[in-house]
Amino acid sequence: MRHGLILLSFLALPAWAQVTVERPWTRATPPGAKVGAGFMTLKSAGVADRVVGASSPAAGRVEMHVTIRDGDVMKMREVKAIDVPAGGSVELKPGGAHLMLMDLRRTLKQGEKVPLTLKLEKGGELKLELSVEELGARQPAHHGKH
Ligand SMILES: [Cu+2]
């Protein structure tokens, strides 16, 4: 009897377990930096979903950005959602879509982990950790104040 109950609770995985995250990472920031970026690959084994928000204790707020080419200049624009296709994946990477950690509360140091929560339209909250990699130069120009 007891054995049966344990089995049942194990099978009752929430439906949102469909979206998974691979290799979430960010870059170390120079002292005093106010913004950082978050990258990862989002995969859906089932239905399509969308990232509709994100937050981190390390940042005042987290925005979702896409990178667009404007002549010779790469610019970032905030978007309301990032789509994860059904049975497919979307890669957040330098020069493409990414998360933007705004109003950083501290310096991000190489080797540490930064907690981050993604809010999925269907899947609810997904908690993960960005591994902080070395300060890289491959950073597109920012628009406006950041
Ligand atoms: Cu950005």
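This one's a predicted model, so the numbers in the text were calculated from it and none came from an experiment.

Calculation criteria
Residues numbered from 1 in each chain as written. Predicted model: local features only at pLDDT ≥ 70, side-chain atom pairs only at ≥ 80, totals over all residues. Heavy atoms only, no water. Donors = N, O, S within 2.8 Å, 3.2 Å for Na, K, Ca; no water. Tetrahedral: all angles 85-135°; square planar, octahedral: opposite > 155°, others 65-115°. Helix = DSSP H or I, 4+ residues; strand = E, 2+ residues; numbered from the N terminus. Buried < 20%, exposed > 50% of the residue type's maximum accessible area, 1.4 Å probe, protein only. Pairing = 2+ DSSP bridges. Phe/Tyr/Trp six-rings, centres within 6.5 Å; stacked < 30°, edge-to-face > 60°. Contact = heavy atoms within 4.5 Å. Core = buried A, V, L, I, M, F, W, Y, C linked by side-chain atoms within 4.5 Å. Polar contact = N/O pair within 3.5 Å; in protein donor to acceptor, adjacent residues only side chain to side chain.

A closer look at the coordination of the copper ion
In step 1: Taken together, the protein donors to the copper ion comprise His65 (ND1), Met76 (SD), His98 (NE2) and Met100 (SD), at separations of 2.0 to 2.3 Å.
In step 2: Relative to the metal, the four donor atoms surrounding the copper ion lie at angles of 92 to 130°, and the coordination shape comes out tetrahedral.
In step 3: In the primary structure, the donors to the copper ion are separated according to the pattern H-x10-M-x21-H-x1-M. On the criterion of sequence distance, the pair formed by methionine 76 in strand E5 (residues 73–79) and methionine 100 in strand E8 (residues 98–104) is long-range, its members being 24 residues apart.
In step 4: The exposure class of methionine 76 is buried, given its relative accessible area of 5%.

Looking at the pairing of E8
In step 1: Within E8, six of the seven residues are buried, which leaves the element mostly enclosed by the surrounding structure.
In step 2: Here strand E2 (residues 36–44) runs beside E8; their pairing, made up of three bridges, is antiparallel. When the sheet's bridge partners are listed, glycine 38 is paired in E8 with leucine 99.
In step 3: Here six bridges tie strand E4 (residues 59–70) to E8, and the two strands are oriented antiparallel to one another. Bridge pairing links arginine 61 to methionine 102 in E8.

Let's talk about the packing of aromatic side chains
Aromatic rings in a pair are described by how distant their centres are and how their planes are angled relative to each other.
In step 1: Counting across every chain of the model gives one aromatic pair.
In step 2: Between tryptophan 25 and phenylalanine 39, the ring centres sit 4.6 Å apart and the planes meet at 40°, which makes this aromatic pair tilted. With tryptophan 25 in strand E1 (residues 19–27) and phenylalanine 39 in strand E2, this pair connects stretches of sequence that are 14 residues apart. No difference in accessibility class separates tryptophan 25 from phenylalanine 39, as the two residues are buried.

Quick look at the environment of alanine 48
In step 1: Locating alanine 48 in the fold gives a position in the loop between E2 and strand E3 (49–55).
In step 2: The spatial distance from the C-alpha of alanine 48 to the C-alpha of valine 84 is 5.6 Å, given a sequence separation of 36 residues.
In step 3: When sequence neighbours within four positions are dropped, the list of residues in contact with alanine 48 reads Val84, Pro85, Ala86 and Lys122.

Description of unusual backbone geometry
In step 1: Within the chain, arginine 23 stands out as a residue other than glycine whose phi angle is a positive 45°.
In step 2: Within the secondary structure layout, arginine 23 lies in strand E1.
In step 3: Notably, aspartate 103 is not glycine yet its phi reads approximately 50°, a positive angle.
In step 4: Along the chain, aspartate 103 turns up in strand E8.

Overview of the nonpolar core
Taken as a class, soluble globular proteins show a tendency for nonpolar side chains to be buried jointly.
In step 1: Judged by nonpolar contacts, the single largest core of 28 residues is most densely connected at Met40, Leu42, Leu99 and Leu118.
In step 2: Where this core is concerned, the elements lending two or more residues are E2, E3, E4, strand E6 (82–84), strand E7 (89–92), E8, strand E9 (113–120) and strand E10 (124–133).
In step 3: Setting aside its immediate chain neighbours within four residues, leucine 118 contacts Val21, Met40, Leu42, Val51, Gly53, Ala54, Leu99, Gly124, Glu125, Leu126 and Leu128.

Quick notes on the side chain of threonine 67
In step 1: Relative to the helices and strands, threonine 67 is located in strand E4.
In step 2: Reaching out from threonine 67, the side chain makes a polar contact with the backbone oxygen of glycine 96 at a distance of 2.8 Å.

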